[in-house]
Each structure stands twice: as structure tokens, then as C-alpha cells.
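# Working through the structure, step by step
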Amino acid sequence: PKSHTLGLPSVEVYNCTARSSGMAVLPDMMLGMSRSMLTMMQFNEQKQDYMDSLANLEEGTDAYTDALEACHRRGADRCVKVANMHRGLYVKAAQFIASLRGGTGDRGVPRPYT
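In this report, we go over the structure that sits alongside the text. (Residues numbered from 1 in each chain as written. Predicted model: local features only at pLDDT ≥ 70, side-chain atom pairs only at ≥ 80, totals over all residues. Heavy atoms only, no water.)

### Remarks on the nonpolar core
Ranked by size, the top nonpolar core spans five residues in total: Y50, L54, Y64, A67 and C71. Elements that contribute at least two residues to this core include exactly α2 (29-54) and α3 (62-86). Those residues in contact with C71, other than ones at most four positions away along the chain, are Q46, D49, Y50, S53 and Y113. (Core = buried A, V, L, I, M, F, W, Y, C linked by side-chain atoms within 4.5 Å. Buried < 20%, exposed > 50% of the residue type's maximum accessible area, 1.4 Å probe, protein only. Helix = DSSP H or I, 4+ residues; strand = E, 2+ residues; numbered from the N terminus. Contact = heavy atoms within 4.5 Å.)

Here you go:
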């Protein structure tokens, strides 16, 4: 069964099939490129979400603050999906960011991401 994240099939399916069939699993350049592309797509999707959601709002208003918090929550959910799909290094990177509690808030990493 294929897993989906961000509407795209996971490239992990190929490597799982290779491992279960007993084939030697060599470093897969396409896997690395696919992971990088999916991560960049998530970043671009989130950037567009912020731009669209905040475009006509005045900074400092309640509407702006609410829209910004909603963007943070959606972005955090996207990041979790990407980290769970890629595992390994992405999970460790997410754990590191979550440990930056002192850097959260208005000027640091938004709280929904940690």
C-alpha cells in the first residue's frame, strides 16, 4: 500500500519493496531528491498560505493575529506530516526545533511549531 503526504505518493514504497524482496539496497539518489523536493513543496505551500492569509490584513489587529496563528497551526501540521513521512533526520531536526523553547514566541519559532 502506498502512503500519501501532501497529496503525493511516498517514495518509501520502492525501498520497502527492495528490502522485503532481498535485493541489495544501495543509496538511492532519487529518494534523496524526492525528499528534498517534497520538503521544498511544503515550504512553498506554507509561504503561499502566509502571503494569502495575511495579504489584506493590517498588522497588529485581532484579525491579523488570528490569521497568523491559524497559519502557524497549518504550517506545523504540514511539518509534522513531512517529518513523519521522511523519518530519521527530519524527526531529529523537528525534535531539535522543539527543544528551542527559549526561541519561541513573537520573535523566534512560533509556538505551534514546537
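### Focus: the environment of Y64
One can find Y64 in helix α3. As for Y64 and S53, which are separated by eleven residues in sequence, their C-alpha atoms are 8.6 Å apart.

### Focus: the packing of α2 against α3
The angle between the axes and the distance between the axes are what describe a pair of packed helices. Where α2 contacts α3, the two axes come as close as 9 Å, and the packing angle between them is 170°. One finds that α2 runs roughly antiparallel with respect to α3. Across the interface between the two elements, R35, L38, T39, Q42, E45, Q46, D49, Y50, S53 and L54 from α2 touch Y64, A67, L68, C71, H72, R74, G75, R78, C79, V82, M85 and H86 from α3. (Axes fitted to C-alpha atoms, helices over the stretch in contact; angles between N-to-C directions. Parallel < 35°, antiparallel > 145°, perpendicular 65-115°, else oblique.)

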